[in-house]
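Architecture and fold: a report
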Amino acid sequence: MDDVTSVVWGTNVSIMEAMRTFSEFLREFKPKYRRAHDAAKGIAHPPMLRMEDGEVPVYQTYLRKMRLTGQTNLNLDAENLLAWPATRKLHSQLLKYPQEIIPVMDTALKDAMIFLAADDKETGALGMEGDLGEEEIREIEGKVYKVRPFGISAVNMRDLNPSDTDKLVSIKGLVIRATPIIPDMKQAFFRCLTCSHTVQVEIDRGRIEEPARCPRDVCQSLGTMSLIHNRSEFADRQIIRLQETPDKVPDGQTPHTVSLCVYDELVDLAKPGDRLTVTGIFRSIPVRVNPRQRVIKSLFKTYLDIVHVKRANSQRLGFDSSTRSEGKVPGAIGVGGEEADEAEHAAGAAAGTGGADGLSRTAEMEQRVLELAQKPDIYDILSRSLAPSIWEMDDVKKGILLQLFGGTNKSIARGGGGGGPRYRGDINVLLVGDPGTSKSQILHYVHKIAPRGVYTSGKGSSAVGLTAYITRDPDSKQLVLESGALVLSDGGVCCIDEFDKMSDSTRSVLHEVMEQQTVSIAKAGIITTLNARTSILAAANPVGSRYNVNWPITKNIDLPPTLLSRFDLLYLVLDKVDEVADRRLAKHLVGLYLEDAPETGGVDIIPVELLTAYISYARSKVHPQITAGASEALVRAYVDLRKLGEDPRSGERRITATTRQLESMIRLSEAHARMRFSELVEVSDVEEANRLMQEAIRTSATDPRTGLIDMELINTGVGQQQRRMQGDLRRAVLQLLDAQGGGGRGVRWTEAIRMLGQQSSVQVDATEFADVIRTLETEGQVKVVGDRERRTIRRIAAE
Amino acid sequence: MVTAALSDALSHPIQVVRGLQSVHVSSSTPLSTVVKKHFEEQFGNGNLQKVPPLDVNHPPSTYTSGSLVRFRAMVQDTSASPEIYISNLGYGLDSVLHTNSSAEGAFNMHTLQDALDAGTTGRDKWKERIVFWAVSVPGESEWVGKSLDGNHPTSIEASTSSASSMAHKFPFPNTPHVGVLVKSYGTTEFKPSTVHDLVGILTFDPRLNLLGDDEDEDLVPSLHVLFQTPLPTTVVKAAYPMPPARSRTRLEVKDEIVKWLAASALRGDLLAAEYVLMCCIARVQSRSPFLPPPSLQLSRFSSSSDSSALTLQQCLETLFPIVANLPLSINYLNQTPFAPSSSLRDHSEDLRSGTLQLAPGTVVVVDEHGVVEGKLGDQGVRNIATMQSVITAQTLAYAFPFSSYEFPTDLSFVITTSGSKSPFFNTDINVPLQPVAALPSLSSLSEDQLLEYRLWLAGAKSQAASKNAVPITREMAEYIQSEFVRERKEAGGQSLTSDDLSLRMTLAKLETYLRHDAEITKEAWEHVVSLEKERKSRLSLQ
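In this numbering scheme, every chain counts its residues from 1 along its sequence in written order. To read the labels, note that chains go from A and ligands from 1, taken in the order they are written. The predicted nature of this model means local features are confined to residues of pLDDT at least 70 and side-chain atom pairs, given and counted, to a pLDDT of 80 or more, with totals for whole chains, interfaces and linings taken over all residues. In computing side-chain properties, one takes all heavy atoms of the structure into account and sets aside hydrogens as well as water.

Looking at an unreviewed UniProt entry, chain B carries the name Mini-chromosome maintenance replisome factor-domain-containing protein, with the source organism given as Calocera viscosa. UniProt positions are given in the numbering used here, feature names are shortened, and annotations may be inferred rather than shown by experiment. Per UniProt, chain B carries the Subcellular location (unreviewed entry) text "Nucleus".

In the annotation of an unreviewed UniProt entry, chain A is listed under the name DNA replication licensing factor MCM4 and assigned to Calocera viscosa. Note on chain A: under the UniProt heading Catalytic activity (unreviewed entry), the record states "ATP + H2O = ADP + phosphate + H(+)". Here is the UniProt Subunit (unreviewed entry) comment for chain A, exactly as written: "Component of the MCM2-7 complex."

To continue, consider the overall build of chain B. Starting at the N terminus, helices and strands are each numbered in turn, a helix being any DSSP run of H or I of at least four residues and a strand any DSSP run of E of at least two. When its secondary structure is counted, chain B shows 16 helices and 15 strands. Only protein chains enter the accessibility calculation, which uses a 1.4 Å probe; a residue whose area is less than 20% of its type maximum is buried, one above 50% is exposed, and one in between is partly exposed. Taking all 542 residues of chain B together, the buried fraction comes to 56%. For chain B, long-range pairs separated by at least 24 residues make up 78% of all intrachain contacts whose partners lie at least 6 apart in sequence. All accessible areas in this document rest on Shrake-Rupley with a 1.4 Å probe, and a residue is counted as covered only by the protein chains that are shown. With an accessible surface of roughly 22000 Å², chain B has 55% of that area assigned to carbon and sulfur atoms. Whether two residues are in contact is decided by their heavy atoms, any of which lying within 4.5 Å being enough.

All names here are of chain B. Throughout the structure description, domain borders are defined by an automatic or database domain assignment. Examined at the domain level, chain B breaks down into domain 1 (4–229) and domain 2 (250–540). Listed by partner, the interface residues are 21 residues for domain 1 and 25 residues for domain 2. Put simply, buried area is how much 1.4 Å-probe accessible surface two parts lose in total, over both of them, once they are put together. Taking both sides of the interface into account, the surface hidden between domain 1 and domain 2 amounts to around 1900 Å²; carbon and sulfur atoms contribute 55%. In terms of surface lost to domain 2, no three residues of domain 1 exceed Trp143, His168 and Phe172, which account for 31% of the buried area on that side.

A word on the sheet that holds strand β25 (residues 782–785) of chain A. Residue and element names in this part refer to chain A. Spatially, β24-β26-β25 is the arrangement adopted by the three strands of the open sheet, whose pairing is antiparallel. Strand pairing shows two members of the sheet lacking a second neighbour, β24 (747–748) and β25, which therefore form its edges. Should DSSP find at least two bridges between two strands, the strands are regarded as paired. Both β25 and strand β26 (residues 792–795) contribute to a ladder of four bridges, which runs antiparallel. Opposite Val784, over in β26, you have Ile793 as the bridge partner.

Take a side-chain nitrogen of Lys or Arg and a carboxyl oxygen of Asp or Glu: if they are within 4 Å of each other, that pair is a salt bridge. One pass over the structure, following the stated rule, counts 36 salt bridges over all chains. Across the pair Glu83 of chain B and Lys183 of chain B runs a salt bridge whose closest N-O atoms are separated by 3.2 Å. One end of the pair, Glu83 of chain B, is in strand β2 (residues 83–86); the other, Lys183 of chain B, is in strand β4 (residues 179–184), and 100 residues separate them in sequence. Comparing Glu83 of chain B with Lys183 of chain B, the two get one shared label, buried. Ionic contacts of the salt-bridge type, sharing partners, join the residues Lys146, Arg148, Asp264 and Glu265 of chain A into one network.

Right, let's get into empty space enclosed by the protein. Over the atoms rolls a probe the size of a water molecule, and in doing so it shows where empty space is left. Computed over the protein atoms alone on a 1 Å grid, cavities are sets of points where a 1.4 Å probe fits but cannot get out and pockets are open sets with protein on both sides within 12 Å along at least five of seven lines; a residue lines them when it has an atom within 4 Å of a point. Grid points are joined across faces, edges and corners, and a volume is the space filled by probe spheres set on the points. Applying the stated rule across the entire model yields eight cavities of 30 Å³ or more. In this model, the largest cavity occupies a volume close to 120 Å³. As for the largest cavity, its lining consists of Met157, Arg158, Leu160, His256, Val258, Phe282 and Thr302 of chain A together with Ser81, Pro82, Ile84 and Glu128 of chain B. Each residue receives one of three labels: charged for Asp, Glu, Lys and Arg, nonpolar for Ala, Val, Leu, Ile, Met, Phe, Trp, Tyr, Cys and Pro, and polar for the others, Gly being one of them. Its residues assigned to classes, the lining of the largest cavity shows six nonpolar, three polar and two charged.

Glancing now at the confidence of the model for chain B. Confidence of the predictor at the level of single residues is captured by pLDDT, which takes values from 0 to 100. Looking at chain B as a whole, the pLDDT averages 79, with 82% of positions reaching at least 70. Counting contacts from residues 95–121 of chain B, a segment whose pLDDT is below 50, to residues more than four positions away or on other chains yields 41 contacts.

Next up on the list: helix α6 (residues 98–123) of chain A. The end-to-end C-alpha separation of α6 of chain A is 36 Å, in line with the 38 Å expected for 26 residues at 1.5 Å each. At the C-terminal side of α6 of chain A, Gly124 of chain A shows a positive phi close to 70°. Multiplying one less than the number of residues by 1.5 Å gives the expected span of a helix.

Bringing the packing of helix α11 (residues 394–405) of chain A against helix α12 (residues 439–449) of chain A into the picture now. Residue and element names in this part refer to chain A. Every axis in this analysis is a line fitted to C-alpha atoms, fitted for helices over the stretch in contact. Angles between the N-to-C directions lie between 0 and 180 degrees. Between α11 and α12, the least distance of the axes is 12 Å, while the angle of their chain directions is 30°. One element, α11, and the other, α12, form an angle in the roughly parallel class. Relative to α12, the crossing made by α11 is right-handed. Where α11 abuts α12, its residues Val396, Ile400 and Leu404 lie against Ile442, Val446 and Ile449. Looking at the contact of α11 with α12 residue by residue, the class counts come to six nonpolar, no polar and no charged. With respect to orientation, any angle under 35 degrees is reported as roughly parallel, any angle over 145 as roughly antiparallel, any angle of 65 to 115 as roughly perpendicular, and every other angle as oblique. By convention, the crossing between two helices is left-handed when the near helix turns anticlockwise from the far helix through less than a right angle, and right-handed when the turn is clockwise.

Another aspect to go through is the pairing of strand β13 (residues 403–408) of chain B. All names here are of chain B. Burial along β13 is one-sided: the face carrying Ser403, Tyr405 and Phe407 is buried and the face carrying Ser404, Glu406 and Pro408 is not. Bridging between strand β12 (residues 395–400) and β13 involves six bridges; their strand directions are antiparallel. For Thr395, the partnering residue across the bridge sits in β13 and is Pro408. Here β12 folds back onto β13 in antiparallel fashion, the turn holding two residues, of which Phe402 has a positive phi close to 70°.

Set out below in structure tokens:
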């Protein structure tokens, strides 16, 4: 063996040996090796359907597939090299000397292709008989084959340092821009102007040396060699800028960006906005100040020469499918890897080793989250940690906490029309209350900790600001769709302050969002429906400067009942004067501002980051299902709630709960189970959900005049008691008008109110009176003439 | 006393670095530590003023490559990736050779081939340095430079030098400033919007073209940091408590400043002056629980003349080290971005600065006088939302392609508006201005007095960032609590909310700082309560 010449310079890598082991690997590797390897690392796989599946030489299958489909790229999971004992050395060589090893592998691959084709021709496999096979082999011999390694653990791009230069590394990130395709000269074609002798010059270290004189002995003329462009060989090249994803950027820092050079098939594979995992060779090249000078500075440019591009996990919104026209899936270059390994990777990730991510910070956080979930009083700890600076309001905090976890989204998969409707799992919460009761603070706080939280003020936002707006890009003059708050918080929480100050058109958008969870846009030729699967946390102020406890809630806040009923929980945050409470409040505030430890929480509160991580983890990993016991408890609670409305003394029924309340209760129970990291919704979850609902209903849906709960107040804005009173009023009005002498002159508006006031002990409410008159008018019983102060009500004769 | 080592460090910093390097070779400590130590020793004790400053009056163009300079700078953009340099080629400073012929010529010019050879043989010589863009502190008052930098001759050309080509990286692109690419060799972490005092060697390097092969021809000034000193947010060094001069009590000093400010900028309104001072020294006390500085609007602020807002701004500039002025108008709002952004639309990925990317501790004077009827465009609406979020949450979102990142800010806001309330912004405090009919004649301040006031306020401000600088006694806490309960009972819950109490407490602390007291006294508390009552009665009169 001529081993002396075949060692990569400056290393101990024997080319022949590398080639031999890789050829062997392509021939012999079977899935069972990978399984054994993964099992040793603690990664579980789903059992195989058949025992023989583990015995298939998997790369032989891939090679055949390449031949049949005419592809020239083989994706190689580097982990498989580790799994096979003979190639372990090759794996480390691949990482250290990719520049040398990858071409070796390419050659080995081509040999293997030819060998396999010849083999198949021998055995007379399909499509390889006789001449057909000969031709196939000739074709293979003419092709350039490439091995594209992937599957080495990704590092943070911040951690790339000079020692990684010329090594094989893998990083993840977000494509922010890509250049147009750059033609890269691989081989220059020169022709002598005098004798037409031609010379081909290959690229050497990024430069092409122009021959100074004609190499032909007889010619030898100086400076006659001229470049013939259309006979030179070019390769496609593109530079992509890959930015760190937000989860990898250290606190208080701006994201870093690296340049990627992609070649040939990989060009135009990724579009701005895609999340990628790329594998490539880290390069540092000295900067030439002036292309004409050979003098360089000790200034280096770094970039990655990319060998493999993999799109991120599809669950994580890997790529924006709307940017692709022909439905091409990025990363689907070559054979092997990808689809085949998808299942394996999924298994690895589910086992919670975080092996795919390789990020210890995440793993550590996960560990802490799981430990935290074991605590029996986790519910209290979490609710205490939510806005610890805000005093008391424990039930409000608990409600908001459950909102952050959210129920599970349900869709009826086998519904009519293939995939029925989707039921929202998001919980909406409304806080109504006096000014100066730290509602805004709660909102700000939630916005900070909620994954994908967006904060907006009802006063400043327009309907388009909330949904999406269309602007014209100043450069390209193209219309660009920019998402508004609701779309941005898709999958998160949208906090809307000053909810009551919203214009009607803005509010109407929320109707759609809060039930259908979509936003429809029809503007400037763009018609689209965007997802807005968002929970809404809103704060509103009462109509007057303060909440009037003698009025029902619908009268206190200027919001249509249809919108109000879409909130699962509605809390009244009132500023009551109560000496004991005031003293405690003052003590808390004084402590907060002037002393060390704020009183609430103080001891057992968890930091914001951990809280966020906990919530994100629960939302992504826990999908509780309702047990039989819990569903019974739900039914019981709902029936109980409805029974509250039955009044044995009168035949009337107040409505205390509707199906919306039942749905809310289900969502809250699920959220509570999710908060416990429990895959099952237990009776205890339902009990807590029921308690929170009762609390919220008691404060918001109690008719101040009767002290009874009446859901109609929220659903229609008019309570049972009020409706009865309106009936009385209506009768009185008609009586009054009849007494005044039929269809004649009628009664002045103000006069009527005065007279009715005299008749009854209760003062007649002007707005209620107006309501009654309006109904009577539509019924055609009365007619109002004139306007403002001079309005007169006339009775229209019944006959 | 000027030692030989000191004068060497001043005049030939590169040779000093090379000298240190040749001695260093075998040592295990990193070269950057050795260099840092050496230069710190030379300039540590009062000699810092000897280093020529890099500022608006001394822009980079007035220095030759290889000069030692001092740069008081705000970090603007840290998104550049670290650079690799070859450590055996002289601390990465070899490029000086091309531009500075006075340097010793014995050092080889090296070629691409050399570097590649060096690359394959001596990988371990490759080191990394942090690169970021820094600008002169936006809104720095003139007196700061005079008091900190010592006397350095101003060259004539300086005054005429226009804004650099990188003006978009300064919050106020139309005002003169200095922008420099900083290369730091140590392990110090630099965060956006923080302020540092950097001492280093100035060179001119090409900007890297990250999307192509050929580099830009034009060179940008680069500062190779030798060492840096942290700057207090008050920029000038401050003492707390500070003994008052001329046998006055501390309260008298405070009252003097209040009176001066009221007379010279607020048409004699003492109440407004008190609030302005309190808000200007306020800082973010803590992020968790979140205790932001109170924001202030002066309503009914002169509707006729536009000079009054300017006077207020000038007065604040003489008192505080960093004051930024935002003259709002429809045009300004529609055209000037308030938040930094890195847009895909322009060709570089540069993080452009925004008006509100300011150093912590900056007093922002917002003048709404110029706003007239008109249409607010897309940028304008966003700007208002951006500013409101800085006012209430003290966070500023930097926009990057496909994602946005929030950075903490620490700014004090004083908004002047001619109406009864700002049309754009909600603030914690609204003080309607009530000018006093007869303006007291004002004797202009002497330099000594000015200096005292500046240090006094700096002292107060330096305390305001910490949460527990002034303790409260148990009796005082008890007193505040019972007063709160009593007042609520009397007013029937209609006047005093918990937010009011929080505000009073914040103000009481600030009042204490202004008095340079050691703890919150009953007098300070009562004073704040009476201020608040007067303010409320003014508001109810409107």
